[in-house]
Amino acid sequence: MKAIRRFSVRPVLPEPLRPLSDLARNLRWSWHPETRELFQSVDPEGWRATGGDPLRLLGSVPAERLAALAEDRRFLRRLAAAADDLQDYLTGRRWYQEQPPGLPAAVAYFSPEFGITAALPQYSGGLGILAGDHLKSASDLGVPLVGVGLLYRHGYFRQSLSREGWQQEHYPLLDPNELPLTMLREADGTPARVTLALPGGRSVHAHIWKAQVGRVPLLLLDSDTEENGPGERDVTDRLYGGGSEHRLLQEMLLGIGGVRAVRAYCRLTGHAEPEVFHTNEGHAGFLGLERIRELVVQGADFDAALERVRSGAVFTTHTPVPAGIDRFEADLVARHFGEDGELPGIDAERVLALGREDYPGGDAALFNMAVMGLRLAQRANGVSVLHGQVSREMFAGLWPGFDAEEVPITSVTNGVHAPTWVAPEVFRLGARCIGAGRAEDALSVGGSQRWDTVADIPAADIWELRRTLREQLVEEVRARLHAAWRERGAGSAELGWIDGVLDPDVLTIGFARRVPSYKRLTLMLRDRERLTELLLHPERPVQIVVAGKAHPADDSGKRLVQELVRFADDPRVRHRIVFLPDYGMAMAQKLYPGCDVWLNNPLRPLEACGTSGMKAALNGCLNLSVLDGWWDEWYEPDFGWAIPTADGAAVDDMRRDDLEAAALYDLLAQRVAPRFYDRGADGLPGRWIEMVRHTLAGLGPKVLAGRMVRDYVERLYAPAAEAHRALDEAASRELAAWKARVRAAWPTVAVDHVEAVSEGPLGGTAELGATLSLRVSVTLGELDPADVEVQAVAGRVDEADRLAHTVTFPLKATGAPGLDGRRLYEGPLTLDRTGPFGYTVRILPAHRLLACGAELGLVAVPSHATGEAAGVLMR
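Quantities reported herein were computed from a predicted structural model and do not represent experimental measurements.

Points about the overall build of the protein
Of the regular secondary structure elements, the protein holds 29 helices and 28 strands. Counting only C-alpha atoms, the protein reaches 95 × 75 × 50 Å along its principal axes. Expressed as a percentage of the 875 residues in the protein, the buried residues total 56%. If you take every contact in the protein between residues at least 6 apart in sequence, the share linking residues at least 24 apart comes to 73%. Roughly 35500 Å² of accessible area belongs to the protein as shown, and the carbon and sulfur atoms make up 50% of that amount. Of the side chains in the protein, 98 bear a positive and 119 a negative charge, and the two mean positions are spaced by 4 Å.

Set out below in structure tokens:
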């Protein structure tokens, strides 16, 4: 029989045990070992059965056990210490509170998914895990962040395999009352809610749930409420599900509803209002429109409101290809922002203009969420140095006339939250060297360039640690593999072979991630005989653990999974290569530490960052990867190996994969495996252990999320807060009017004549250290010299006379305009480098409230004839 109604019955804890509830509801337990150990001691068997979820554990502990614990003085002392430690963590001064004044009072951080812990399954992959690590590190640093997302009642799917190895999806229903969440309520006890208007007089209502992530509140909007009709209730049904309109409604609720949820939370709790709004990927881009609406309601005009909103906004793109960006039919967006839709009082055409692809190569019939995100934020970034470069090239059409390197998109390389991903055994080894407190600070706050104390750890201890972690992984793999085969329909009698799967003394390689085609799950299968030889080598065998999920609608990804599974099912190799279904945080926390080598072989440059290798490195695992994402930035031979990239223009896709797979096999056979198995007289692989040392000491401090969040604070949040404060109501009106005037006048702005005067004859060559005096005649039309900056741009030139490695410096206006209205600018140009050298001049808009000269996308440069007359090249 099925129940007609479901309840969540909460346990009643004895009074002495009440602090357990507070500890369970603050997700700091997910990265705080002492708190987890306390819960484990409540009921070790129950802890394992609930997957390490304190709330579920407390709901399953027998009353007599709780009564016994309430009388156990030793347990109560541990409980009091844990409660006091949490209180100190929540209220004490941390890194952010020790910084000079001027930082934002609060920052709102919007993301479509958050991977905090397996006990709150609201993530699908790297974007969500990164967002979760961002919140945790902000908490550790004391950054006053407010997270905003959606509460998906089915979360992301659970993965299993059919007997034939085909991926199958399951969507377990999540009850918020059984999750570490509390509902935000009004003063009278009724649920706080936000409402969005839909076409046709309909509405979607959402309740607001709060997860407490250390010091950081995470607000999650939930449309599964009784006030909604069936269609509206399903808006937050599942992560990345449904068709185009469903996704649009989710993103409207996340962005517009998310801002309203933040306002309600600050009103009800007294939390400081955010000065900076951070959009993590384009899904939440509509938040800028809601902030504009708020100002328009207060009397601002649209353009002034837009400038004020942009000043305090940060946009992070994680997407290296246009196909990965959400794009909607413009007509669909127009319908939802029409007269009977959302944002009344704002012309739908103004909304559409923010996301329209009105640039060469774009499709003006589509509304692009990343384009809107960039137009609504004065500061934007990619998530690695290489990805920043890729993003500048991908979005260069928004800044016509500028070279890609000048597109105003910077980069903040991702990091990972070490307390979440470092195995307890690794932490304890570090704590033995420098003490638990210093080790905790080193992992959470960071700040050092190197962890040189790693050099003091005996080689035998490092090798014993690596074997212990490998042995734990072998046990975990066997248990999961057994459960997976039972789900595939196998009987216990045919699964005895699983007891021999993997060997704790064999070189272990890990590969786990989502399964889009560009990540090339099956590159390792390119030459199956060669791979089999590596797996079964009599002296230097390797073993591989693979995990990953394909999107439910991606049949090509599912075929890749099936191809890998079928190879791993082969009795010849199944003890050396395994595929584990249902990859998630709980599996990852065992997988990263237990591997010796972390494999990553995406198509370069399509991996925006790729943080899985960072998590592995923090546990002493070496990386074997294509030079993409973060590995392109920080690779050194001491940290692992680089897979060569076959990216020549004449190489087709098949040939490229053949070449890169062959390079992978060669690296494994000739360099990786020999180094692992090369033992000295003491039985230890000395050169391998030194690579582990170098990885921990030199790479560890770089890959921390603490470093990443500090970078965001110093390079993006602080400047955004300063700009937001400077752009008050009057200043925003003035800036909007100035931009309108500049845009209207710009067609008449021109560089008319460029002249270079030198002490000696100026031909095609000049001597190092010589100085040229530049004289530039310009037409400004209706603009004043205060509206522009005239610059000289100098640098090396290539064979096509393109400038590179440039430096810019302003030229100064001299005197009044001539009778023809032209103005003269002058300045010196020093020839400070040898070889092919060139220069040009240009005119940019200039205003004290602009973040950079490229912000408006306007530039005037010499015509071809003007440049030729100036003799701009010197070879």
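On we go.
Some thoughts on the environment of Thr317
Relative to the helices and strands, Thr317 resides in the loop between β10 (313-316) and β11 (327-329). Along the sequence, Thr317 and Phe579 sit 262 residues apart, while their C-alpha atoms lie 31 Å from each other. Sequence-distant contacts of Thr317, defined by excluding residues within four places in its chain, comprise Glu281, Asn381, Gly382, Val383, His387, Ser391 and Phe395. Among the polar contacts listed, one links the side chain of Thr317 to the backbone nitrogen of Thr319, at a separation of 3.3 Å.

With respect to a negative patch on the surface
Taken together, Glu34, Glu37, Glu440 and Asp441 make up a surface patch of like negative charges. Elements that contribute at least two residues to the negative patch include exactly α2 (33-42) and α18 (436-444). Along the chain, Glu34 turns up in helix α2. Since its relative accessible area comes to 43%, Glu34 is described here as partly exposed.

Here we look at the packing of aromatic side chains
Each aromatic ring pair is described using two quantities: the centre-to-centre distance and the angle formed by the ring planes. Counted according to the given criterion, the structure contains 19 aromatic pairs. Relative to Phe337, the ring of Phe286 lies with its centre 5.4 Å away and its plane at 35°, an arrangement referred to as tilted. Highlighted residues: Phe286 in the loop between β9 (276-280) and α10 (287-297) and Phe337 in the loop between α12 (330-336) and α13 (348-355), separated in sequence by 51 residues. Accessibility assignment for this pair places Phe286 and Phe337 in one class, buried. Note on Phe676 and Trp688: the rings are 5.2 Å apart at their centroids and 85° apart in plane angle, and the pair reads as edge-to-face. Of this pair, Phe676 sits in helix α25 (residues 653-677) while Trp688 sits in helix α26 (residues 686-699), placing them 12 residues apart in sequence. You'll find Phe676 and Trp688 in the same group, each marked buried. Sitting over the face of the ring of Phe511, Arg513 holds its NZ or CZ atom 4.4 Å from the ring centroid. Its guanidinium or amino end placed over the ring of Phe676, Arg679 lies 5.4 Å from that ring's centre, counting from NZ or CZ.

As for a positive patch on the surface
Taken together, the side chains of Arg73, Arg74, Arg77 and Arg78 present a region of like positive charge at the surface. With respect to the element layout, Arg74 can be found in helix α6 (residues 73-91).

Examining the sheet that holds strand β25 (residues 812-814)
The strand order β21-β22-β26-β25 describes an open sheet built from 4 strands, whose pairing is antiparallel. In this open sheet, the two edge strands, each paired with only one partner strand, are β21 (750-758) and β25. Strand-to-strand twist in this sheet, taken as the mean axis angle between neighbours without regard to direction, amounts to 30°.

Section: the sheet that holds strand β20 (residues 640-643)
Across the sheet, which stays open at both edges, the 6 strands sit in the order β17-β16-β15-β18-β19-β20 with parallel pairing between neighbours. The open sheet has two edge strands, β17 (577-580) and β20, and neither has a second partner. When the angles between neighbouring strand axes are averaged without regard to direction, this sheet yields 20°. Most of the contacts of helix α19 (residues 459-487) go to β17, to which it runs at about 60°, and overall it touches β15 (507-512), β16 (542-547) and β17. Running at roughly 135° to β17, helix α21 (residues 555-569) makes contact with β16 and β17 of the sheet.

What to know about the pattern of salt bridges
Inspection of every chain in the model, using the stated rule, returns 58 salt bridges. With its nearest N and O atoms 2.6 Å apart, the salt bridge here joins Arg158 to Asp582. Of this pair, Arg158 sits in strand β3 (residues 158-161) while Asp582 is found in the loop between β17 and α22 (585-594), placing the two residues 424 residues apart along the sequence. Judged by its relative accessible area of 17%, Asp582 is buried. Two residues, Arg467 and Glu471, come together in a salt bridge whose shortest N-O distance is 3.5 Å. Here Glu471 and Arg467 lie together in helix α19, a separation of 4 residues that amounts to about one turn.

Details of the pairing of strand β2 (residues 145-150)
Buried residues dominate β2, accounting for 6 of its 6 residues. Relative to β2, strand β1 (residues 107-110) runs parallel, the two sharing 4 bridges. Within β2, the position partnered with Ala108 by the bridge is Val146. Running through helix α7 (residues 126-141), the crossover from β1 to the neighbouring parallel element β2 is right-handed. The sheet contact formed by β2 and strand β8 (residues 216-222) spans 4 bridges and is parallel. Following the sheet pairing, Gly147 is matched in β8 by Leu218.

Comments concerning empty space enclosed by the protein
Applying the stated criterion across every chain, the model contains 7 cavities of 30 Å³ or more. What lines the largest cavity is a set of 23 residues, and nearest its centre among them are Val426, Gly430, Trp451, Val454 and Leu696. Residue assignment for the lining of the largest cavity shows that the elements contributing at least two residues are α17 (424-434), α18, α19 and α26. With 7 residues, α17 is the largest single contributor of residues to the lining of the largest cavity. Space inside the second largest cavity adds up to approximately 100 Å³.

Topic: the pairing of β20
Across 4 bridges, strand β19 (residues 622-626) lies against β20 in parallel orientation. Bridging from a neighbouring strand, Leu624 pairs with Trp641 of β20. Of the crossover connections in this fold, the one passing from β19 over helix α24 (residues 629-634) to the parallel β20 is right-handed.

Looking at the packing of α2 against α6
α6 packs onto α2 with a crossing angle of 150° between their chain directions and a minimal axis gap of 10 Å. In terms of their interaxial angle, α2 and α6 are classed as roughly antiparallel. The two elements α2 and α6 cross, and the hand of that crossing is left-handed. In contact with Glu37, Leu38, Ser41 and Val42 of α2, α6 contributes Phe75, Arg78, Leu79 and Ala82.

Calculation notes
- Residues numbered from 1 in each chain as written.
- Predicted model: local features only at pLDDT ≥ 70, side-chain atom pairs only at ≥ 80, totals over all residues.
- Heavy atoms only, no water.
- Helix = DSSP H or I, 4+ residues; strand = E, 2+ residues; numbered from the N terminus.
- Buried < 20%, exposed > 50% of the residue type's maximum accessible area, 1.4 Å probe, protein only.
- Contact = heavy atoms within 4.5 Å.
- Areas by Shrake-Rupley, 256 points an atom, 1.4 Å probe, with all protein chains shown as cover.
- Lys, Arg positive; Asp, Glu negative; His and termini not counted.
- Charge placed at Lys NZ, Arg CZ, Asp CG, Glu CD.
- Polar contact = N/O pair within 3.5 Å; in protein donor to acceptor, adjacent residues only side chain to side chain.
- Patch = residues over 30% accessible without salt bridge, like charges linked within 9 Å, V, L, I, M, F, W, Y side chains within 5 Å.
- Salt bridge = Lys/Arg side-chain N within 4 Å of Asp/Glu carboxyl O.
- Phe/Tyr/Trp six-rings, centres within 6.5 Å; stacked < 30°, edge-to-face > 60°.
- Lys NZ or Arg CZ within 6 Å of the ring centre and 35° of its normal.
- Pairing = 2+ DSSP bridges.
- Axes fitted to C-alpha atoms, helices over the stretch in contact; angles between N-to-C directions.
- Right-handed = clockwise from strand over helix to strand, strands pointing away.
- 1 Å grid on protein atoms, 1.4 Å probe; cavity = no way out; pocket = protein on both sides within 12 Å on 5 of 7 lines; lining within 4 Å.
- Points joined across faces, edges and corners; volume = space filled by probe spheres on them.
- Parallel < 35°, antiparallel > 145°, perpendicular 65-115°, else oblique.
- Left-handed = near helix turned anticlockwise from the far one by under 90°.

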